[in-house]
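Inside the fold
The lines below spell out each chain.
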Amino acid sequence: MKSKIQRLYLFIIYFLLYFPILILVIFSVNKTKYSLVWHGFSSQWYQVLLNDVEIWSAFFNSAVLGITASCIATGLGLLGCMHLFIHPHKKFRSLRNLLLLLIIIPDIVLGISLLVFFNVTNLPLGFVSLLIAHITFCLPFVILTIESRLQTLDPNLYFCALDLGASQMAALSKIFLPLLWPAILSAALLSFTISFDDVVTSYFVSGSDFSILPLTIYSLVRSGVTPELNALCTITLIISIIPILIVHKLTRKKT
Amino acid sequence: MKNKSLSIKLLYTWFLCFAFIPLLLIVVTSFLSKDAVHLVKLPFTLNNYAVLFTPLFMKIFIRSLLISTITTLVCLLLAYPFSYILIKSKIKTHLLLMIMIPFWTSSLVRTYALLSLLKGNGILNTLLIKIHFITNPLNLLYTNFAVISGLVYSLFPFMVLPIFNNMERFDFKIMEAARDLGAGPLDIFFRVFLPNTKKGIISGCILVFLPAMTLFYIPNILGGARSFMIGNLIQSEFLEMSDWPQGSATSIGLILIVLIFVYFVRFRGKKQ
């Protein structure tokens, strides 16, 4: 009896979580535009999207931005983590506090402070400003992901390798890279999804000439519910779900 | 070693330039006056902070706090038993993945999904009318109810994950030991299980409460004029009214609320 109630509870929660998404997906392939009744399968709304130049360019911009931001953030975060791992010193505490501050500070505050900063430094709003903002909010995630994996390793591994005659590069690339690559890939993929889906910070630093997908969706949402938008949202969901599935596979192997 | 010490310097420089200095700029801006052409001008003034205490602003602040608190409580009440059942489940990893998916996917898209569900001629109303539960469509959208359900729907996974991670480390044998020593179910819960999982609850509350106040697009999409929150206020001050000093002062107010909240929950958590 008790386990039945528990199962029912789980079922209700998952149902509530996934029902709206399910409806969204179903209506993105429904034939008619305004009816709530199922009129048969049709991919016409996806074709409408395919022919929409503006959405394509926003999609392209978002993808390029997400990939660039995630690569730079992962590289920068990885180098920093490795350095602190091999040469642990007091500075790490201050970095940790800085990261904590960055995580606690609401996205909207980061957005407006960067907007003011770009205004003061005369940097035009567009790709570069978005890239800087995205790298800044991805970095804490990258560092925390890689650092939690590094904590399970022994820094002496590196010095052993050096003693046995490995060069610095060889010690890093042949010993740490194989041990760390699931964490590195997870960090990169998660950074990509965060960057690809970010609305709040981007809203302030995107400027008017450079459109990215989440902001395009936002402006469309405010004008109402349409099947094309359902299709667009379905595609966005799929693009963010794929990296999560990969990350899940990677981290499960470890345990 | 030279190139690697460069890497750490790069990291610090990055945070200094693109996080710390911009935040300082906000503090400076909040003491300046508004200018129609250059956005800000001298002299320094405390006026922007005085405005925060006018009834109009206080109303928005209190409403934000209220809505965020309700959201946090609803999430906690739903997520706590949920995480417990999840821990005990045999297909834990799969169930956890199904929480990770909404955690990482766009909350804007999920808010939109909720919009098509709640609207006047949406699925929910149509269904309720079909089963003759109601005769006229309910006005669900553009209310605080819609905003709170949108926030709960978006932030629920942020409450589950920390609580789940914390409970996973809890040794359930302690509960058996307590039972053997004669503790009743209520005693076991309040004196053994709850104190041991408190850290997870605190992290979860922080992760839900803070975004709840600032995710301005959720009240914007689902709420009406009466669900205007701090996030919306800052957004409109910066982008619609171009009143940067006032917007900065409002953000400083927000940061103070955030710090007080975090300090309060963590301090209370550590003391006991």
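What counts and how
- Within each chain, residue numbers correspond to sequence positions counted from 1 in written order.
- For naming, the first written chain is A and the first written ligand is 1, with later ones following in the order written.
- It should be noted that, the model being predicted, local features are given only for residues of pLDDT at least 70 and side-chain atom pairs only at 80 or more, the latter also being counted only at that level, while totals for whole chains, interfaces and linings use all residues.
- Hydrogens are left out, water is left out, and the side-chain values use all remaining heavy atoms of the structure.
- Helix and strand assignments follow DSSP, with helices taken as H or I runs no shorter than four residues and strands as E runs no shorter than two, numbered in order from the N terminus.
- The buried label applies to any residue whose accessible area, calculated with a 1.4 Å probe on protein chains only, is under 20% of its type's maximum; exposed applies above 50%, and partly exposed to all values in between.
- Should any heavy atoms of two residues lie within 4.5 Å, those residues are counted as being in contact.
- Working convention for charge: Lys and Arg count positive, Asp and Glu count negative, and His plus the chain ends are omitted.
- Charged groups are reduced to one reference atom each: NZ for lysine, CZ for arginine, CG for aspartic acid, CD for glutamic acid.
- Domain start and end points were adopted from an automatic or database domain assignment.
- Two parts lose some accessible area (1.4 Å probe) when they are put together, and adding that loss for both gives the buried area.
- Within this document, salt bridges are pairs made up of a side-chain nitrogen of Lys or Arg and a carboxyl oxygen of Asp or Glu, the two lying within 4 Å of each other.
- A 3.5 Å cut-off defines polar contacts: any pair of N or O atoms within that distance qualifies, except that in protein one atom must be a possible hydrogen donor and the other a possible acceptor, and neighbouring residues in sequence count only when both atoms are side-chain atoms.
- Two rings from Phe, Tyr or Trp (for Trp, the six-membered ring) form a pair when their centres are within 6.5 Å of each other. A pair whose planes differ by under 30 degrees is stacked, one over 60 is edge-to-face, and the rest are tilted.
- The criterion for a charge sitting over a ring is simple: Lys NZ or Arg CZ within 6 Å of the ring centre, and within 35 degrees of the ring normal.
- To count toward a patch, a residue needs a relative accessible area above 30% and no salt bridge. Like charges then connect within 9 Å, nonpolar side chains (Val, Leu, Ile, Met, Phe, Trp, Tyr) within 5 Å.
- Here the accessible surface of atoms and residues is derived via Shrake-Rupley with a 1.4 Å probe, and residues count as covered only by protein chains that are part of the display.
- Here a helix's expected span is defined as the number of its residues, less one, multiplied by 1.5 Å.

1. Here we look at the overall build of chain A
Looking only at helices and strands, chain A features 11 helices and 0 strands. Listed N to C, the secondary structure of chain A is α-α-α-α-α-α-α-α-α-α-α in terms of helices and strands. Within the span of chain A, comprising 255 residues, buried residues form 50% of the whole. Considering only intrachain contacts with a sequence separation of at least 6, the fraction spanning at least 24 residues in chain A is 71%.

2. A word on the overall build of chain B
For chain B, the helix and strand inventory stands at 13 helices and 2 strands. Projected onto its principal axes, the C-alpha coordinates of chain B cover approximately 70 × 70 × 40 Å. Scored against the burial criterion, the 272 residues of chain B give a buried share of 54%. Computed over 24 positive and 9 negative side-chain charges, the inter-centroid distance for chain B is 3 Å.

3. Focus: the domain arrangement of chain A
All names here are of chain A. Entries for chain A in the domain assignment read domain 1 (1-42 + 227-255) and domain 2 (55-224). For domain 1 and domain 2, the distance between their C-alpha centres works out to 28 Å. Of the residues lining the interface, 12 residues belong to domain 1; the matching set on domain 2 comes to 18 residues. Note on domain 1 versus domain 2: buried area summed over both sides is about 1300 Å², and carbon and sulfur give 87% of it. When residues of domain 1 are sorted by the area they lose upon contact with domain 2, Leu229, Leu232 and Leu250 head the list and together hold 38% of the total. Joining domain 1 to domain 2, the criterion identifies 0 salt bridges. On inspection of domain 1 and its partner domain 2, the count reaches 1 residue pair in polar contact (both at pLDDT 80 or more).

4. A short note on the packing of aromatic side chains
Counted by the stated rule, this structure contains 35 aromatic pairs over all chains. Measuring from ring centre to ring centre gives 5.6 Å for A:Phe85 and A:Phe176, while their planes differ by 80°; the resulting arrangement is edge-to-face. With A:Phe85 in helix α3 (residues 53-86) and A:Phe176 in helix α8 (residues 168-197), the pair connects residues that are 91 residues apart, well separated along the chain. Seen in terms of ring centroids, B:Trp14 and B:Phe18 are 4.7 Å apart; in terms of plane orientation they differ by 70°. Their pairing is edge-to-face. One end of the pair, B:Trp14, and the other, B:Phe18, are both in helix α1 (residues 2-29), 4 residues apart, so they sit about a helical turn from each other. With respect to class, B:Trp14 is no different from B:Phe18; both count as buried. In this arrangement the basic side chain of B:Lys88 is found over the ring face of B:Phe172, its NZ or CZ atom lying 4.2 Å from the centre. Taking NZ or CZ as reference, B:Arg110 lies 5.3 Å from the ring centre of B:Tyr153, over its face.

5. A look at the interface of chain B and chain A
Between chain B and chain A, the residue contacts involve 75 residues of the former and 78 residues of the latter. Both sides together, the interface formed by chain B and chain A hides about 7200 Å², and carbon and sulfur atoms give 82% of it. When residues of chain B are sorted by the area they lose upon contact with chain A, B:Phe15, B:Trp104 and B:Tyr112 head the list and together hold 11% of the total. On the surface where chain B and chain A come into contact, there are 0 salt bridges.

6. Focus on a nonpolar patch on the surface
All names here are of chain A. On the surface, a cluster of nonpolar side chains totalling about 510 Å² of accessible area is made up of Leu8, Phe11, Ile12, Phe15 and Leu16. Take Leu16: it is sitting in helix α1 (residues 2-28). Looking at Leu16, the relative accessible area reads 52%, which means it is exposed.

7. Side note on helix α4 (residues 92-104) of chain B
For α4(B), which comprises 13 residues, the first-to-last C-alpha distance of 18 Å matches the rise-based estimate of 18 Å (1.5 Å per residue) to within 8%. Among the residues of α4(B), those classed as buried are B:Leu95, B:Leu96, B:Leu97, B:Ile99, B:Ile101, B:Pro102, B:Phe103 and B:Trp104.

8. Here we look at unusual backbone geometry
Positive phi, normally seen in glycine, also occurs at A:Asn122, with a value near 65°. Examined against the element boundaries, A:Asn122 turns out to sit in the loop between α5 (107-121) and α6 (127-150). Owing to a relative accessible area of 68%, A:Asn122 belongs among the exposed residues under this scheme. For B:Tyr142, which is not a glycine, the phi torsion comes out positive at approximately 60°. The residue B:Tyr142 is located in the loop between α6 (123-130) and α7 (144-169) in this model. With relative accessibility at 53%, the residue B:Tyr142 sits in the exposed group.

9. Side note on the environment of B:Phe238
For B:Phe238, the location among the structural elements is in helix α12 (residues 230-240). Overall, the relative accessible area of 2% leaves B:Phe238 in the buried class.

10. Description of the pattern of salt bridges
All names here are of chain B. A full pass over the atoms with the stated rule returns 2 salt bridges over all chains. One salt bridge connects Lys92 with Glu168, and the closest N-O pair in it is separated by 3.5 Å. Within this pair, whereas Lys92 is found in helix α4, its partner Glu168 is found in helix α7, the two being separated by 76 residues in sequence. The partner of Asp187 in a salt bridge is Arg191, and the shortest N-O contact between them spans 3.9 Å.

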